[in-house]
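# Structural description and commentary
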Amino acid sequence: MTLLARFAAVAILCVSLGSIALGSRVRYAANPPGDALIRLAWRAPGDAALHCRTPSAEELARLPVHMRRREICERRLPSFRLAVEIDGRRAIDAHIAPAGLRGDRPAVVLRELRVPAGAYQLRVTFTPDAGETAPLRLERALRLEPGGVALVLEDSGSRALILRSAAP
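Residues numbered from 1 in each chain as written. Predicted model: local features only at pLDDT ≥ 70, side-chain atom pairs only at ≥ 80, totals over all residues. Heavy atoms only, no water.

## Observations concerning the overall build of the chain
Secondary structure assignment for the chain yields two helices and ten strands. For 168 residues, the compact-globule formula gives about 15 Å, and the C-alpha radius of gyration of the chain, at 26 Å, lies well above that figure. With the C-alpha coordinates aligned to their principal axes, the bounding extent of the chain is approximately 75 × 60 × 25 Å. Expressed as a percentage of the 168 residues in the chain, the buried residues total 29%. A separation threshold of at least 6 residues defines the contact pool for the chain, and within that pool the share at least 24 residues apart is 59%. Total accessible area computed for the chain in this model is approximately 11,700 Å², and 56% of it derives from carbon and sulfur atoms. Within the chain, the 17 negative side-chain charges are centred at a point lying 8 Å from the centre of the 25 positive side-chain charges. (Helix = DSSP H or I, 4+ residues; strand = E, 2+ residues; numbered from the N terminus. Rg over C-alpha atoms; globule rule 2.2 N^0.38 Å. Buried < 20%, exposed > 50% of the residue type's maximum accessible area, 1.4 Å probe, protein only. Contact = heavy atoms within 4.5 Å. Areas by Shrake-Rupley, 256 points an atom, 1.4 Å probe, with all protein chains shown as cover. Lys, Arg positive; Asp, Glu negative; His and termini not counted. Charge placed at Lys NZ, Arg CZ, Asp CG, Glu CD.)

Below, the structure is given as structure tokens:
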């Protein structure tokens, strides 16, 4: 490597390191001033349903002998509908599917709503698409300070949604 190429490499390195050092000093406001968060975080309750069927002769013929079974069973968990209303206006209306590659893990709710600080009427409904599990509901008035966080989560003991608030 020539002397000029080494000097250029050192110069580029110094400029890069200086840029990183200056960039790390830039202030970043993750939350705009005056905003608050409503955070939804829980694992969905739901009992797995086992669906079994008898494979056809064609299905069995495609499988090696050691993998042939008399019955094929799949474990399925329910999916849910999440609805969140703030002061009577729909903020979230989402389908929450079970997690996992085959949909065999509990559904997880992880959502955040950024709202201006103030008083709100919050309504959260978490309804299974099918099955015998009762819907989870929460209807509460809440007051959020700037930078505050309201956390909606499931109380596993009572299988109900609860609200916890934290000031900044």
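## Some words on the environment of T127
Position of T127 among the secondary structure elements: in strand 7 (residues 118–128). For the pair T127 and L110, spaced 17 residues apart in sequence, the C-alpha to C-alpha distance is 16 Å. Sequence-distant contacts of T127, that is, excluding residues within four places in its chain, are made with S79, F80, R81 and P135.

## With respect to the sheet that holds strand 7
Spatially, the four strands line up as an open sheet ordered 5-4-7-8, and their pairing is antiparallel. Strands with a single pairing partner mark the edges of an open sheet, and in this sheet they are strand 5 (89–96) and strand 8 (136–144). Going across the sheet, the axis of each strand differs from the next one's by a mean of 15°, ignoring polarity. Here seven bridges tie strand 4 (residues 80–86) to strand 5, and the two strands are oriented antiparallel to one another. If you follow E85 over to strand 5, its bridge partner there is R90. (Pairing = 2+ DSSP bridges. Axes fitted to C-alpha atoms, helices over the stretch in contact; angles between N-to-C directions.)

## Structural notes on the sheet that holds strand 6 (residues 108–116)
On the basis of which strands lie adjacent, the open sheet formed by four strands has the order 6-1-9-10 and mixed pairing. At either end of the open sheet lies a strand with only one pairing partner, and these are strand 6 and strand 10 (160–166). Averaged over all adjacent pairs, the angle separating strand axes in this sheet is 15°, with direction ignored. Relative to strand 9 (residues 149–155), strand 1 (residues 35–43) runs parallel, the two sharing four bridges. Across the sheet, the residue bridging to L40 is V152, located in strand 9.

## Looking at the state of the cysteines
One pass over the full model with this rule turns up one disulfide. Two residues, C52 and C73, share a disulfide whose sulfurs are 2.1 Å apart. Taking the sign of the torsion about the S-S bond as the criterion, the disulfide between C52 and C73, at about 110°, is right-handed. With a gap of 21 residues between them, C52 in strand 2 (residues 49–53) and C73 in strand 3 (residues 72–76) connect regions that are remote in the sequence. (Disulfide = S-S within 2.5 Å.)

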